[in-house]
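The residues making up each chain are set out below.
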Amino acid sequence: MDHFKLTKNNRPVALKDVPEFSMTEFRPAVISMCETGKRVIGFFGVDAGPSRTRLYAALADDDASSILLSSCLLEAGGSYRSFTQDATMFHIFERELFEAFGITPAGHPWLKPVRYPAEGKAENMDAYPFFASTGSEMHEVSVGPVHAGIIEPGHFRFQCAGEKVQHLEIQLGYQHRGVEPLLERAGAEGPHIAESVCGDTVVGHASAYASLFESLSGADAPRRAHVIRAIALELERAAMHTAGLSAMAGDIAYLVGSAVFGANRTKIINASLRLCGSRFGRGLVRPGGVLFDIDAATAKEIKDSVNEAYDRIREMAEQMFGAASVLSRLQQTGVVAKQDAVKIGLTGFAARASGIAIDAREDHPSGAYINFPVRKQVLESGDCFARAYLRYMEIGQSIRLINDMCDNLPQGNIMAEEPSPSGNVICASVVEGWRGGIVYIGITDENGMMKKIKVKDPSFNNWYGLALAVRNNGISDFPLCNKSFDLSYCGNDL
Amino acid sequence: MSNIIEIRMRQGRQFIPDVKKAVVNGAFRGLPEINGRAGDDFTADSVCPTGAITREPLSLDLGKCVFCGDCQRACKNNEIKFTNFHRMSVDSPDKLKVTAAGSAEAFEKEGVKCRSEIKRIFGRSMKLRQVSAGGCNGCEMELNAALNVNFDMPRFGIDFTASPRHADGLVITGPLTKNMAFAIEETYRAMPGPKIIIAVGSCAISGGIFAGSKALDREFFSAHKVDLFVPGCPPHPLTFINGILSVLGR
């Protein structure tokens, strides 16, 4: 532990207290932590003077509810021995670092750029070939970036033997909008950008952004505001899980399920509309608190709406998950074994469906989750069934939380003074969005201006989980596997 | 099986019978109402995250607006006030500016003029191809919702296709990232003529909250004319459905 500064979710640390090492000390220290169950939640560079980069590592210790910070100084354009060789979960973080700073993790197994950023320093992704395999039975299927449905763009390259997928390479980056530099430069429009990082997780990202600002300022939002944020976050979780069940039901041609879940998602997002004027929770969360209060009438409308929806969702889900024809499509399809899930650093409900007990609401509680504790729910089988059924279980949990929170709203204001960050501090803010842990890490300069905002959507970790899940499955099950993870393209591409 | 029928019956009738008359919850931020002019104590333009507000005369650009309501909170004399009026699609960029003149109904009436050639060719069947070019999945989810059992857009013969070869119109969401510039042009080229273009959401119409990013390439909109603008962040499914129905003269 000597190599790390220990902190917690939303607890700022003076930059000078984050230890700095040479790579010869930094690398084994970080890797030994990962070997004892810590997860990497941040691994990124910050410009540190002419042609030098300070590389930060943030690790989550879920059992101890703590976050470990350390750093290392690197020469620009330099090279070091890849962490991925010893700790697979670094694979995507190192690709990102390579792309952004041109620093080479030597011996990385697949050092392809992540998202062709406008401001990137590595070579163009076009110059980097797709993984290919040969053999008389082998054929290649190429999908995207534009897909057949109304979804975001991404490219999938399958290597198949007959109908069986041997390997899937997922190439993203098409959605890259340069979110991080925009957030770093932003003034009052910052929260609006955070709401649009990933438009199906508006409340999750906006809450992480707001908490980061509050924490960097040593301030906090009023308790009532925290509970209203959590109500909106649970509405978002319940709505998106219901949408996911609807889409999965559609993918297995269980059309009554698709229709019923779809219609009841409408009731849940209309509760968000009632709360803040947006079906996606836009315009609610701001640094310092929230902009809309919940009075008794609103609380009743929200509860009535979600309880009615849940009654319908429950009877449909019980029917669906009891049908042999449904189970035969979901069970043992798209399996990610626990050991693989741990290795690649899977997060969120996909991790919990593979037997990994992590949920930031319980492990790193902040805001309302301190007073409204959540017990994480875990399944073991790691297949499409587990991911679908766990989402159903989490809908029920969210509905209970929404009822509980609406009934027990603390008194008081909903907005504190606008936070103003201190100088030379670093802080990590983690929010368990419906997909998993959303991490915002902020670093300020000596004047309290944002020097770095690092955003990590859970999709960044989990896309590789999908690639593993489809191996040895029929290629026709890809849409089902894809929907069972329900990942974000723009959350990955930023 | 009998259980499924019971579940189905308990769902009752979910679809909205008349999408033109449908009213969205009063909390919804739709078409803004502009009252009077920007006086000395008017500061709402400085809080707008996308610079959508102009002072002389006081107007709000629906193509830039992200409907956050920050301006309304900054108005001391009710100069800008969002209403829940959702039928706010327009057919040309100059109509995106909302001023103090006219009612919501007048805005809608002027907003989209049915073009006889579009009505003649696509009036009874309109197939659309959707491309997200940096869309955050907000607009995409609302377009998907337009197809669900509540809004049921396919009942009008308006639907999304899986291939550009079958499409009459291209629906674009997102601010147009550099990395999608090639794919969006190719998709448009792959569609047989005649064809229309629909820009959905403030990102597509103006770049929205991402307008200042270096990672965008909006050349496509310089090269091709947009036939329908659907404002919102994201637009309500009813804004989209009513906009297309108006283009088709229905």
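Relevant structure appears above.
Residues numbered from 1 in each chain as written. Chains lettered and ligands numbered in written order. Predicted model: local features only at pLDDT ≥ 70, side-chain atom pairs only at ≥ 80, totals over all residues. Heavy atoms only, no water.

1. A look at the packing of aromatic side chains
All names here are of chain A.
- With the rule as written, the count across this model stands at 23 aromatic pairs over all chains.
- Judged by centre distance (6.0 Å) and plane angle (55°), the rings of F26 and F83 are tilted. Of the two residues, F26 sits in helix α1 (residues 23–35) while F83 sits in the loop between β7 (79–81) and α2 (91–101), which places them 57 residues apart along the sequence.
- Classification of F26 by relative accessible area gives buried; the value is 0%.
- Of the residues examined, F83 reaches a relative accessible area of 0% and is grouped as buried. (Phe/Tyr/Trp six-rings, centres within 6.5 Å; stacked < 30°, edge-to-face > 60°. Helix = DSSP H or I, 4+ residues; strand = E, 2+ residues; numbered from the N terminus. Buried < 20%, exposed > 50% of the residue type's maximum accessible area, 1.4 Å probe, protein only.)

2. With respect to the nonpolar core
- Core analysis: the biggest nonpolar cluster contains 118 residues, and A:L330 and A:Y440 have the highest contact counts within it.
- Looking at this core, the element that brings in the most residues is helix α6 (residues 223–251) of chain A, giving 13 residues.
- Residues B:L31, B:L62, B:A104 and B:F229 belong to the second largest nonpolar core, which totals 46 residues. (Core = buried A, V, L, I, M, F, W, Y, C linked by side-chain atoms within 4.5 Å.)

3. Concerning the sheet that holds strand β9 (residues 138–143) of chain A
All names here are of chain A.
- One open sheet holds the 3 strands; their spatial order is β9-β10-β11, and the pairing between them is antiparallel. Every interior strand has two partners, whereas the edge strands, β9 and β11 (164–171), have only one. The sheet shows a mean angle of 20° between the axes of neighbouring strands, direction not considered.
- Where β9 meets strand β10 (residues 155–161), 6 bridges bridge the pair, whose relative direction is antiparallel. Its bridge partner being in β10, S142 is matched across the sheet by R157. (Pairing = 2+ DSSP bridges. Axes fitted to C-alpha atoms, helices over the stretch in contact; angles between N-to-C directions.)

4. Some details on the packing of α2(A) against helix α14 (residues 459–469) of chain A
Residue and element names in this part refer to chain A.
- It is the contact of α2 with α14, at a shortest axis distance of 9 Å, that shows an interaxial angle of 120°. Classified by the angle between their axes, α2 and α14 sit oblique to one another. You can see that α2 and α14 cross each other, and the crossing is right-handed. Counting all contacts with α2, which are made through H91, I92, F93 and E96, the residues of α14 involved are F460, N461 and Y464.
- Tallied by class, the residues present in the contact of α2 with α14 amount to 4 nonpolar, 2 polar and 1 charged. (Parallel < 35°, antiparallel > 145°, perpendicular 65-115°, else oblique. Left-handed = near helix turned anticlockwise from the far one by under 90°. Contact = heavy atoms within 4.5 Å. Nonpolar A, V, L, I, M, F, W, Y, C, P; charged D, E, K, R; others polar.)

5. What about unusual backbone geometry?
- Each neighbour pair has its own omega, and for A:G144 with A:P145 the value is 15°, a cis peptide bond.
- Mapped onto the elements, A:P145 comes out in the loop between β9 and β10.
- Residue B:E56 is joined to B:P57 through a cis peptide bond whose omega torsion reads -5°.
- Within the secondary structure, B:P57 sits in the loop between β2 (53–54) and β3 (59–61).
- Located in the positive-phi region is A:A253, a residue other than glycine, with phi close to 60°.

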